[in-house]
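Notes for the structure review
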Amino acid sequence: MKKTFLIITFCLVLFACANDRPKDEARQPERAKSDVVEVLYFHGEQRCLTCRAIEKETKALVATVFQDEVKSGRLVFRSLDIDENEALADKYQVTWSSLVLVDYDAGREKADNITKFAFSNVRKSPEVFRSVLTDKIRKMLD
C-alpha cells in the first residue's frame, strides 16, 4: 500500500513539473527564427481609436503589400495581448500598446520599437505611416 501511494505521488510530481511552462511558450508554436521578420502589435484589454488603427493598418499592410513574404513564412504579423504574453512583453520592454518589428537574421535578433512613430502618424497621416512601415519591413527582409 505504501509503495502504491509512493508511486502515485512520484508520478503526480513528475506530471506537475513537466507542465510548468509559461503561458507564452505553451501557446506559441515552435518555429525556427532564422531569416524571419516579425511584426508584433502588443495591446491591452481596452484600446483607444489610435491603438485600433495601428493594428488595423499594420495588419492590412502586411496582408496586402507583403502577401508573398507572409505565404513563404519570411514575414509574420502577431497581435499579442500583453497580459497573456508577459514574457515577450518584458523581453521587448513593452507595458502598453506598442508596435515592434523584430528581424531574425543569421541567428541575430534586432528589434525596432516604432510605437511613437505609429501613434504620431497612423490617424493624422496614414499614408506616411504605411510608407515608412513598408520601408522598414523591406529593409529587414533584405
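Above: the structure in question.
If you're wondering where the values come from, they're calculated on a predicted model, not measured in any experiment. One numbering rule holds for all chains: residues counted from 1, following each sequence as written. Only residues with pLDDT of at least 70 are given local features in this predicted model, and only at 80 or more are side-chain atom pairs given and counted; all residues enter the totals for whole chains, interfaces and linings. The basis for every side-chain value is the complete set of heavy atoms in the structure, and neither hydrogens nor water enter the calculation.

1. Some remarks on the nonpolar core
Most often, soluble globular proteins have nonpolar side chains that are buried together. Throughout, nonpolar core names a set of buried Ala, Val, Leu, Ile, Met, Phe, Trp, Tyr and Cys residues whose side chains join them through atoms within 4.5 Å. Each residue's exposure class comes from its accessible area (1.4 Å probe, protein chains only) as a fraction of the maximum for that residue type: buried when under 20%, exposed when over 50%, partly exposed otherwise. In this structure, Val39, Leu75, Leu99, Leu101, Leu133 and Ile137 are the most contacted members of the largest nonpolar core, which totals 20 residues. Of all the secondary structure elements, the ones that give two or more residues to this core are strand S1 (36-43), helix H3 (49-65), strand S3 (98-105) and helix H7 (126-141). A contact between two residues is defined here by any heavy atoms of the two lying within 4.5 Å. When near neighbours in sequence (up to four residues on either side) are disregarded, leucine 101 contacts Glu38, Val39, Lys110, Ala111, Asp112, Ile114, Leu133, Lys136, Ile137 and Met140. Counting residues in each nonpolar core, the second largest holds 11 residues, with Leu40, Phe42, Val102 and Tyr104 among its members. Going along the chain from the N terminus, every DSSP run of H or I of four or more residues is numbered as a helix, and every run of E of two or more is numbered as a strand.

2. Some thoughts on the sheet that holds strand S2 (residues 75-81)
Two strands are said to pair when DSSP picks up at least two bridges between them. With mixed pairing, four strands are arranged side by side in an open sheet as S2-S1-S3-S4. Two strands bound the open sheet, and with one partner strand each, they are S2 and strand S4 (108-113). Across the sheet, the axes of successive neighbouring strands diverge by a mean angle of 20 degrees, strand direction being ignored. Across seven bridges, S1 lies against S3 in antiparallel orientation. Its bridge partner lying in S3, phenylalanine 42 is registered against serine 98. Orientation is described by axes fitted as lines to C-alpha atoms, over the contacting stretch for helices, and by angles from 0 to 180 degrees between their N-to-C directions.

3. Notes on a negative patch on the surface
A cluster of acidic residues, Glu45, Asp83, Glu84, Glu86 and Asp90, forms a negative patch at the surface. Tracing the backbone through its elements, the reader meets glutamate 86 in helix H5 (residues 86-91). Residue classification places glutamate 86 among the partly exposed residues on the basis of a relative accessible area of 48%. Note on patches: the residues involved have over 30% relative accessible area and no salt bridge, like charges join within 9 Å, and the nonpolar side chains Val, Leu, Ile, Met, Phe, Trp and Tyr join within 5 Å. Computed with a 1.4 Å probe, the accessible areas rest on the Shrake-Rupley method; for each residue, only the protein chains presented here act as cover. Any Lys or Arg side-chain nitrogen found within 4 Å of a carboxyl oxygen on Asp or Glu counts as a salt bridge. We score Asp and Glu as negative and Lys and Arg as positive, and we do not count His or the chain ends. By convention, charge coordinates are those of NZ in Lys, CZ in Arg, CG in Asp, or CD in Glu.

4. Some words on the state of the cysteines
Put simply, a disulfide is two cysteine sulfurs that come within 2.5 Å. For the structure shown, the criterion picks out zero disulfides. Cysteine cysteine 48 remains unbridged, with the sulfur of cysteine 51 as its closest cysteine sulfur at 3.3 Å. Looking at cysteine 48, the relative accessible area reads 38%, which means it is partly exposed. You can call cysteine 51 buried: its relative accessible area is 6%.

5. A look at the pairing of S1
Of all eight residues that make up S1, eight are buried, and the element is covered over most of its length. Of the two faces of S1, both are covered, the one formed by Val36, Glu38, Leu40 and Phe42 as well as the one formed by Val37, Val39, Tyr41 and His43. Sheet analysis places S1 next to S2, joined by seven bridges and oriented parallel. Bridging from a neighbouring strand, valine 37 pairs with leucine 75 of S2.

6. Description of unusual backbone geometry
Of note, glutamine 93 is a non-glycine position whose phi angle comes to about 55 degrees, a positive value. Counting through the fold element by element, glutamine 93 comes out in the loop between H5 and S3.

7. What to know about the packing of aromatic side chains
In this scheme Phe, Tyr and Trp rings, the latter by its six-membered ring, pair at centre separations within 6.5 Å, and the angle between planes marks the pair as stacked below 30 degrees, edge-to-face above 60, and tilted otherwise. Within the structure shown, the criterion is met by two aromatic pairs. Ring centres of tryptophan 96 and phenylalanine 119 lie 5.1 Å apart, and the angle between their planes is 35 degrees; this geometry places the pair in the tilted category. Of the two residues, tryptophan 96 sits in the loop between H5 and S3 while phenylalanine 119 sits in helix H6 (residues 115-121), which places them 23 residues apart along the sequence. Residue tryptophan 96 is classed as partly exposed on the basis of its relative accessible area of 49%.

8. Comments concerning H7
Each α-helix winds once per 3.6 residues, and so residues spaced three or four apart point in a common direction. In this scheme, a helix's expected span is set at 1.5 Å multiplied by one less than its residue total. The end-to-end C-alpha separation of H7 is 22 Å, in line with the 22 Å expected for 16 residues at 1.5 Å each. Among the residues of H7, those classed as buried are Pro126, Phe129, Leu133, Thr134, Ile137, Met140 and Leu141. End-on, the buried residues of H7 take up no more than an arc of 130 degrees, which puts them together on one face. Throughout, the arc means that of the directions going from the helix axis to the C-beta atoms.

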